[in-house]
Amino acid sequence: MSQLYSREMFSHYIARNRKLAEVVVIAENKPGVLAVLANVLSEHGINIVSCSTTPTGPVGSIFFLVDYTEADKPLSEVISTYGKLGFVKEYHYREQVLPSIIFTNYAFPPTLANRRVIVIEVEKFIKLLSEFVDRTDYLKQLGRYMGEYDCSMYVPEGVEVKKPSELSELLRVLQVKGFGVPEVVEFSVERSKIVIRELFEKELGEAKERDHCVFTCGYLEGFLSKLFGREFRVEEEYCASVGKPHCCFIATSR
Ligand SMILES: [Zn+2]
């Protein structure tokens, strides 16, 4: 199983006694653009603390959160050099309003595959779900809707799945969305074994002494049923909420 690296959702930055700013550049989407923009900042002692790019076609947006405490020139002067670059369409910047903290203003809305999303902390989501923990049919149905939706939204039509690694790759959508890290260890259309590490739902089990990730069972049922065009049933074989290293699911179809 591979090493994981966390990915910041790019929303705010806090640094005591530092001068912070956000910068947004709308530029041509081509190789080298990010390097040139970053170099301009580094040449003047400006540190990039966070960066994200959103390519939406031939033109994309690039966001920087920067710390310019040690800059050798006023920020406005450094950023104005972007206007001389042919591939830059427009640029804006905004300095911190309160000392030591900045929340991004330009970076909105957050998107996933160009669709607007909202961000909710796992802890908060678990609290919401725990209201329904005695309604396992509801949790499972909710998961099922999401699994069907994700399969129809993110899996291109006509994809053929023959190997465990191929199904793992499609289920990676669970990982992109922050649910957990899937790995298909055995695969056949009749019976598959799917392991999920760091599954968010295990915390629901821990909170409620419940050892069954029902939402995820529903999710996998929905996803697989949609993918293979036949009805799947998914049961959790064992759960990380009772001390196992991960959650393990068995998917069967008739
Ligand atoms: Zn579990």
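Everything quoted here is computed from the prediction, not taken from an experiment.

K.L.:
Whenever I open this one, the sheet that holds strand β9 (residues 181–186) confuses me. Can you help?
P.N.:
Strand pairing in a sheet relies on backbone hydrogen bonds, with the paired strands running either antiparallel or parallel. Spatial strand order, β9-β10-β12-β11: four strands in an open sheet with antiparallel pairing. Of all strands in the sheet, those bounded by a partner on one side alone are β9 and β11 (232–238). For this sheet, the mean angle separating the axes of adjacent strands, direction not counted, is 30°. Of the strand pairs in this sheet, β11 and strand β12 (residues 247–253) are connected by six bridges, and their pairing is antiparallel. Among the inter-strand pairings, Glu 235 is bridged to a residue of β12, identified as Ile 250.

K.L.:
Help me understand the coordination of the zinc ion, please; the structure alone is not making it clear to me.
P.N.:
The reference angle at a metal is 109.5 degrees if four donors form a tetrahedron and 90 or 180 degrees if six donors form an octahedron. Around the zinc ion, the protein contributes the donor atoms Cys 213 (SG), Glu 236 (OE), Cys 239 (SG) and Cys 247 (SG), which lie 2.0 to 2.3 Å from the metal centre. Positions of the donor residues of the zinc ion along the chain correspond to the pattern C-x22-E-x2-C-x7-C. You can see Cys 213 sitting in the loop between α7 (202–208) and α8 (214–228) and its partner Cys 247 sitting in strand β12, a full 34 residues away along the chain. When sorted by exposure, Cys 213 lands in the same class as Cys 247, which is buried.

K.L.:
Explain helix α3 (residues 122–130) to me, please; I cannot follow it from the model alone.
P.N.:
Owing to its 3.6 residues per turn, the α-helix aligns residues three or four sequence positions apart on the same side. Those residues of α3 not exposed but buried are Ile 126, Leu 129 and Ser 130. The buried residues of α3 occupy an angular sector of 100° when the element is viewed end-on, so they sit on one face.

K.L.:
Explain the sheet that holds strand β4 (residues 59–67) to me, please; I cannot follow it from the model alone.
P.N.:
Pairing is antiparallel across the open sheet formed by four strands, whose spatial order is β3-β4-β2-β5. What marks the edges here is a single partner per strand, and that holds for β3 (47–55) and β5 (88–95). Taken over all neighbouring pairs, the strand axes of this sheet differ in orientation by 15° on average, direction set aside. Its contacts with the sheet place helix α1 (residues 33–43) against β2 (20–28), β3, β4 and β5, and it is angled at close to 25° to β4.

K.L.:
For this particular structure, what's the right way to read the side chain of Glu 22?
P.N.:
Note that Glu 22 resides in strand β2. On the basis of relative accessible area, Glu 22 is assigned to the buried category, the value being 1%. Separated by 2.8 Å, the side chain of Glu 22 and the backbone nitrogen of Asn 105 make a polar contact. Within the local environment of Glu 22, its side chain forms a polar contact with the backbone nitrogen of Tyr 106, the two atoms lying 3.4 Å apart. In contact with Glu 22, not counting residues within four places along its chain, are Phe 64, Leu 65, His 92, Tyr 93, Arg 94, Ile 102, Phe 103, Thr 104, Asn 105, Tyr 106 and Ala 107.

K.L.:
Is there a simple way to explain the packing of helix α5 (residues 164–171) against α8 in this structure?
P.N.:
Helices that pack against each other are described as a pair by the angle of their axes relative to one another and the distance between those axes. Packing of α5 against α8 leaves a shortest axis separation of 12 Å and a crossing angle of 115°. Crossing of α5 over α8 shows right-handed handedness. For the pair α5 and α8, the contacting residues are Leu 167, Leu 170 and Leu 171 in the first and Leu 220, Phe 223, Leu 224 and Leu 227 in the second. Tallied by class, the residues present in the contact of α5 with α8 amount to seven nonpolar, no polar and no charged.

About the thresholds
- Residues numbered from 1 in each chain as written.
- Predicted model: local features only at pLDDT ≥ 70, side-chain atom pairs only at ≥ 80, totals over all residues.
- Heavy atoms only, no water.
- Pairing = 2+ DSSP bridges.
- Helix = DSSP H or I, 4+ residues; strand = E, 2+ residues; numbered from the N terminus.
- Axes fitted to C-alpha atoms, helices over the stretch in contact; angles between N-to-C directions.
- Donors = N, O, S within 2.8 Å, 3.2 Å for Na, K, Ca; no water.
- Buried < 20%, exposed > 50% of the residue type's maximum accessible area, 1.4 Å probe, protein only.
- Arc of directions from axis to C-beta.
- Contact = heavy atoms within 4.5 Å.
- Polar contact = N/O pair within 3.5 Å; in protein donor to acceptor, adjacent residues only side chain to side chain.
- Left-handed = near helix turned anticlockwise from the far one by under 90°.
- Nonpolar A, V, L, I, M, F, W, Y, C, P; charged D, E, K, R; others polar.

So far we have only geometry, and geometry alone does not tell us how the molecule works.
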